[in-house]
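# Architecture and fold: a report
Here's the letter readout for the chains.
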Amino acid sequence: MDKYGILKEYFGYDGFREGQEQIIDSILGGRDVLAVMPTGAGKSLCFQIPAIMLDGTAIVISPLISLMKDQIYSLKENGIPAAAINSSSDREALQKTYSEAYDGKYKLIYISPERLDSRTFLALASSIKISFVCVDEAHCVSQWGQDFRSSYLKISNFISSFNERPTVAAFTATATQAVRCDIENLLGLKNPDTVVTGFDRKNLYFEVRKPKSKLEFIKEYLDMNRDKSGIIYCSTRKNVELLYGRLSADGYSVTKYHAGLDAEERKSNQDNFVRDNIRIIIATNAFGMGIDKSNISFVIHYNMPGDIESYYQEAGRAGRDGENAECILLYSGRDTAVQRYFINHPSENDELSVDDMERLRRRKLDRLDKMVEYCMGRKCLRNYILSYFGEVRTNGCGNCSVCCGVRETADITVQAQKILCAVARTKETLTVGTIVDFLSGSETLAAARRDLSQIKTFGALKDCPEERIAEIILYLVRKDLIDTDSGILKLNENSGSVLFSGKRVFIPYKSESKEAPPASEADDDLLSILKKLRKEIADRRNVPAFVIFSDSTLREISAVKPLNAAQFLRIKGVGAKKAESYGQIFIKAVNLYINEKM
Ligand code: ADP
Ligand code: MG
Ligand code: ZN
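Structural notes, computed from the coordinates. It should be emphasised that the depicted structure is a prediction, and the values quoted were computed from it without experimental measurement.

Once that is clear, we can look at the coordination of the zinc ion (ligand 3). Ligation of the zinc ion (ligand 3) by protein atoms is provided by C380 (SG), C397 (SG), C400 (SG) and C403 (SG), these donors lying 2.3 to 2.4 Å from the ion. Classification of the site at the zinc ion (ligand 3) as tetrahedral follows from its 4 donor atoms and the range of 101 to 118° in their angles at the metal. Within one chain, the residues donating to the zinc ion (ligand 3) are spaced in sequence as C-x16-C-x2-C-x2-C. Judged by its relative accessible area of 26%, C397 is partly exposed. Given the relative accessible area of 32%, C403 is considered partly exposed.

Around ligand 1, the structure places 15 residues, and the nearest of them are Y13, G15, G40, K43 and S44. The separation between an oxygen atom of ligand 1 and a polar main-chain atom of G42 is 3.1 Å. Considering ligand 1 on its own, with 570 Å² of exposed area, one finds that the protein chains cover 83% of that surface. Among the elements that line the shell around ligand 1, the one with the most residues is helix α3 (residues 43-53), at 3 residues. Of the residues in the shell around ligand 1, the class split is 5 nonpolar, 6 polar and 4 charged.

Now for unusual backbone geometry. We note that D276 has phi near 65°; this positive angle belongs to a residue other than glycine. If you trace the backbone, D276 turns up in the loop between α11 (263-274) and β11 (280-283). You can call D276 partly exposed: its relative accessible area is 26%. Here the phi dihedral of N542 falls at roughly 60°; this positive angle occurs in a residue that is not glycine. When you line up the elements, N542 lands in the loop between α23 (524-541) and α24 (545-548). Judged by relative accessible area, which is 46%, N542 ranks as partly exposed.

Sheet faces and side chains relate simply in a regular strand, where the side chains alternate between the two faces. A two-sided burial pattern is seen for strand β10 (residues 254-257), the buried positions comprising V254 and K256 on one face and T255 and Y257 on the other. The pairing of β10 with β11 spans 4 bridges and is classified as parallel. Across the sheet, T255 pairs through a bridge with I281, a residue of β11. Following the backbone out of β10, through α11 and into the adjacent parallel β11, one traces a crossover that is right-handed.

Moving on, we get to a negative patch on the surface. Taken together, the side chains of D480, D483, D485 and E493 make up a negatively charged region of the molecular surface. On the secondary structure map, D485 appears in strand β15 (residues 482-485).

The 6 strands are arranged β8-β13-β12-β9-β11-β10 in an open sheet whose pairing can be described as parallel. With partners counted over all chains shown, the strands left at the sheet margins are β8 (204-209) and β10, one partner each. Put simply, the sheet's adjacent strands are angled 15° from each other on average, direction ignored. Contacting β8, β9 (230-233), β12 (298-301) and β13 (325-330), helix α12 (residues 308-315) runs over the sheet at an angle of about 145° to β12.

Counting 98 residues, the largest nonpolar core has I61, F121, F158, F206 and Y374 as the members making the most contacts within it. Counting residues per element, this core draws most heavily on helix α27 (residues 576-597), which supplies 8 residues. The residues touching F206, leaving out its near neighbours within four places in the chain, are Y311, Y312, A315, C327, Y374, L381, R382, I385, N399, C400 and S401. Counting 32 residues, the second largest nonpolar core, distinct from the first, contains F16, A58, M68 and A84.

Another aspect to go through is the pairing of β12. Where burial is concerned, the two faces of β12 agree: the one with F298 and I300 and the one with V299 and H301 are both buried. Pairing geometry for β9 and β12, over 4 bridges, is parallel. Paired with I232 across the bridge in β12 is I300. Relative to β13, β12 runs parallel, the two sharing 4 bridges. Residue pairing in the sheet places F298 in a bridge with E326 of β13.

Pairing is parallel across the open sheet formed by 7 strands, whose spatial order is β3-β4-β2-β5-β6-β1-β7. Two strands in the sheet have a free side with no partner beyond their single neighbour: β3 (82-85) and β7 (193-196). Across the sheet, the mean angle separating the axes of adjacent strands is 15° when strand polarity is ignored. One ladder, built from 4 bridges, connects strand β2 (residues 57-61) with strand β4 (residues 108-111); its direction is parallel. Following the sheet pairing, I59 is matched in β4 by I109. Along the sheet, helix α8 (residues 177-186) contacts β1 (33-36), β6 (168-172) and β7; its crossing angle with β1, the most-contacted strand, is approximately 155°.

Parameters at a glance
- Residues numbered from 1 in each chain as written.
- Chains lettered and ligands numbered in written order.
- Predicted model: local features only at pLDDT ≥ 70, side-chain atom pairs only at ≥ 80, totals over all residues.
- Heavy atoms only, no water.
- Donors = N, O, S within 2.8 Å, 3.2 Å for Na, K, Ca; no water.
- Tetrahedral: all angles 85-135°; square planar, octahedral: opposite > 155°, others 65-115°.
- Buried < 20%, exposed > 50% of the residue type's maximum accessible area, 1.4 Å probe, protein only.
- Near = heavy atom within 4 Å.
- Polar contact = N/O pair within 3.5 Å; in protein donor to acceptor, adjacent residues only side chain to side chain.
- Areas by Shrake-Rupley, 256 points an atom, 1.4 Å probe, with all protein chains shown as cover.
- Helix = DSSP H or I, 4+ residues; strand = E, 2+ residues; numbered from the N terminus.
- Nonpolar A, V, L, I, M, F, W, Y, C, P; charged D, E, K, R; others polar.
- Pairing = 2+ DSSP bridges.
- Right-handed = clockwise from strand over helix to strand, strands pointing away.
- Patch = residues over 30% accessible without salt bridge, like charges linked within 9 Å, V, L, I, M, F, W, Y side chains within 5 Å.
- Salt bridge = Lys/Arg side-chain N within 4 Å of Asp/Glu carboxyl O.
- Lys, Arg positive; Asp, Glu negative; His and termini not counted.
- Charge placed at Lys NZ, Arg CZ, Asp CG, Glu CD.
- Axes fitted to C-alpha atoms, helices over the stretch in contact; angles between N-to-C directions.
- Contact = heavy atoms within 4.5 Å.
- Core = buried A, V, L, I, M, F, W, Y, C linked by side-chain atoms within 4.5 Å.

Here is the structure:
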């Protein structure tokens, strides 16, 4: 089967993204590759497809066990034999993996860099046919990058241990020239085909905020985005714990992740997040490299990170499924001080000389300056990031807080009080629509209901556009400050806090120029049925939901409503294996839904 066939058959996609085809062709042709593509661009496919096509087994060196695990789940789900060799496998499982590997059963074997010089592994590598060697997250080899790992330095020895040098393909999302050079030199790439794709992630919206209270901002945001999944990054464990304490006490669906938790808790918290049992994870930067969760709708930085590389990589974990997603950085001057402290108090590093340490420190301070400049938000945020990575643009992007002219949260306390007051004075008898007319002083309403026009708050918000009044009312309903009962507005036990106790109400300002992409019309009712079904299947198989189907695939199913296998196969993200495993169940659900609706 050719690469197009495999893309469709195993992964269910109709076309390649930028750069993918060229990389695959180079690997197939036996040429080394250095691929620089942003997070979410689809690097995995670039080595998985040649691994499937070539004879033998591809060795994939990957820094984190969790990262391997998710990829192997997905590969198996797509019908591709793959395994991992790492320190978390128990002896028995490892033995089985080895014996199957000797039989040439796997198209891909993932290994952590620490294991590269293990005798057992070297013996295996020298006796089976290796199709090529892939180095994922290759920037880890560079001390100038943001997550250097000394075990990555073992890779070049490993490569030269072969009698016949295998093709080497290196992948990274870090594009700065210094890191690129290091990868080429330290891995010993030979005349690599260097593929650098655009760094822009069009579906991500960027925003910088300096809210008076970061906590309040986050609560407002979470209230406005109730069924979305997201990450909140903090710069310290202490902040993670604090924020976690506040948000969980207020009943938000949150979990936490940092290096101070024991391995078991970290793992279970991560699993709960990845499997959509818990909507939000609060984490230090220890959380991430291993996360392939594709349906993350927002990444909020509670603190500014130390450099643009880290920021773009962390923020880039949003919207991997191509859906619109938001990346919001909450900045305060203190963040700069904290980062500067980190830089000036580095952890011991035996492998670096004093001079090198000093050079490293200076570079980090330079990078910090750039990060702070980003937060000042003087020009288009996206263009700032892209130019940092060497891509120059002149026009504003139209999809960042600078281009959209976003203001901070609006204080709507006065409007809220007038609305609640109007509901009280009209004796809780009116619908949302009538209250809007009432507050804007509609003449039609006055003509129809003279009694209402006599009441004191009639027309109290006449300077406010009607849509805005309606928006605020709906926001109050969502914030549980007022109730609706069959469309009639009623005060509730929280209303008094605004009316009498001076509770202030803020509404996040949403930019209006932001357009949703012309997605096919999803059917929300069917979509939620499909999501439930997906969750059931995922839980039964003990895998994350997005491994079964991504959100965008479910959305397309809900829009297209496939009624037979052929139609089902045409959905983006459905390959042969998945159609076989899940086609019937999902088609049945669609059928049932249509029958009930008609
Ligand atoms: P990266 O490693 O570059 O951060 P991944 O390999 O994890 O990105 O891919 C991100 C997402 O993009 C995955 O959900 C993957 O299935 C999807 N993807 C990759 N290639 C394509 C393609 N050609 N068409 C549609 N989706 C794709
Ligand atoms: Mg990747
Ligand atoms: Zn912009």
